[in-house]
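Residue strings, one per chain:
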Amino acid sequence: MSRMDFTKPWECEPGFPREITPGFFWFSTCLEVPQDGKILHNHNSCFLFVGSRKSVLADTGMPYGWEKLRDQLKVALKGKPLDYIFPTHPESPHMGNSGALMDEYPDSLLIGDLRNYHLYYPGYEHRFRQVRAGDRLDLGGREIIFETPAILDLPNTLWCYEPKDRILIVADGYPFTHEHAAGQCALTSTELPRRPQVEDTSVVIEKALAWTRFVDPERTIAELDAFLATHPVDIVGPTHGALTLDPDVILDLFKDGLRNGPDAALMKKAVAQMTDQD
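Note that this is a predicted model, so its numbers are computed, not measured. Positions within a chain are numbered from 1, following the residues in the order the chain's sequence is written. Local features are withheld for residues below a pLDDT of 70 in this predicted model, meaning they are given only at 70 or higher, and side-chain atom pairs are given and counted only at 80 or more; totals for whole chains, interfaces and linings count all residues. To get the side-chain values, take all heavy atoms of the structure and skip hydrogens and water.

A. View of the sheet that holds strand β9 (residues 128-130). The rule for pairing is simple: two strands pair if DSSP sees at least two bridges between them. Numbering of helices and strands runs from the N terminus; a helix is a DSSP stretch of H or I covering at least four residues, while a strand is a stretch of E covering at least two. Spatially, the 7 strands line up as an open sheet ordered β1-β2-β5-β6-β7-β8-β9, and their pairing is mixed. Each of the sheet's edge strands pairs with one partner strand only, and the pair in question is β1 (18-21) and β9. Ignoring strand direction, the axes of neighbouring strands in this sheet form an average angle of 25°. Pairing analysis gives 3 bridges linking strand β6 (residues 55-58) to strand β7 (residues 84-86), with the strands arranged parallel. Paired with L57 across the bridge in β7 is I85. Pairs of residues are marked as contacts when any of their non-hydrogen atoms sit within 4.5 Å. Lines fitted to C-alpha atoms define the axes, with helix axes restricted to the stretch in contact, and inter-axis angles between N-to-C directions lie between 0 and 180 degrees. Each of β2 (24-28), β5 (45-50) and β6 touches helix α1 (residues 66-77); the most contacted strand, β2, lies at about 165° to it.

In structure tokens:
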């Protein structure tokens, strides 16, 4: 895998889009989130894979960021068309610009587990292509594999894995906010001036992964570890976090976030009670 050197400090503020490896681009428009009397930024990231024949955009951002996404995408595509649009699941940060993208790129196809997308985009059904876990999309010189997620947000959530550069797109997995400060939005996990802390995971875990308060975190963590045992990763693309170039570090952070959520004590007590009953 060939990628840019992200170990050197920036002399000026980086911006989007960012090409992380040849033909793999990161975009984002951040959402400001008030939390404990301060403003945090929550990424709404999208990821573009460009092969020798085809291209696919994973997640689409929220509608408020459409103009920025449209302009960033044009820069990355360099005049080429966008062939596929892959929303990981039907929530606004992930599929919110699907209609605008299909209008902007009239030959593009919407792909994913699209079982209810006809309700969101009536009249576009002829441009839907249903895919399932295990299906592969050949882009020319690289492919992406659609995967059953270890962190399931909605019943029709899918992840995707690119084995050539070992890139994993994880929707609401691996989340963390960052500070409301100039220049941080386009920094990767290894470039941020402050290492993310467990409390930085709380916004997304509480709001997007609310089901985790009802599930033993060790069960979720075991499923995630089993997935990663067969999918080695060097780069992780979370929709709600900086592009991650130190996946083992951010994985440990995510696990700590799951274990120390707002209802962690109640869950531990419930699990202990169930164990005692057994």
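B. Up close: the environment of A171. Looking at where A171 falls in the secondary structure, it is placed in the loop between β13 (167-169) and β14 (178-179). Accessibility expressed as a relative area gives 1% for A171, which makes it buried. C-alpha separation for the pair A171 and I151, spaced 20 residues apart in sequence, amounts to 8.6 Å. Apart from the residues within four sequence positions on either side, A171 is in contact with D59, T88, H89, H94, T157, W159, G237, P238, T239 and H240. Residue exposure (1.4 Å probe, protein chains only): buried if accessible area is under 20% of the type maximum, exposed if over 50%, otherwise partly exposed.

C. The arrangement of the pattern of salt bridges in detail. Here, a salt bridge means any Lys or Arg side-chain nitrogen found within 4 Å of an Asp or Glu carboxyl oxygen. Using the criterion set out here, one finds 13 salt bridges in the structure. Measuring nitrogen to oxygen at the nearest pair gives 2.8 Å for the salt bridge that ties R18 to E191. Pair noted here: R18 is in strand β1 and E191 is in the loop between β14 and α4 (202-207), with a separation of 173 residues, a long-range link. A residue is classified by how much of its surface remains accessible, and R18, at 4% relative accessible area, is buried.

D. Quick peek at the packing of aromatic side chains. Centres within 6.5 Å are what make two rings of Phe, Tyr or Trp a pair, Trp counting through its six-membered ring; a difference in plane orientation under 30 degrees is then read as stacked, over 60 as edge-to-face, and the rest as tilted. This structure, assessed with the given rule, holds 8 aromatic pairs. An angle of 85° between the planes, with centres 5.3 Å apart, marks the rings of W159 and F227 as edge-to-face. Separated by 68 residues along the polypeptide, W159 in strand β12 (residues 159-162) and F227 in helix α5 (residues 217-229) bring together distant segments of the chain. We classify W159 as buried; its relative accessible area is 0%. Taken together, F24, F47 and F49 form an aromatic cluster joined through their ring pairs.

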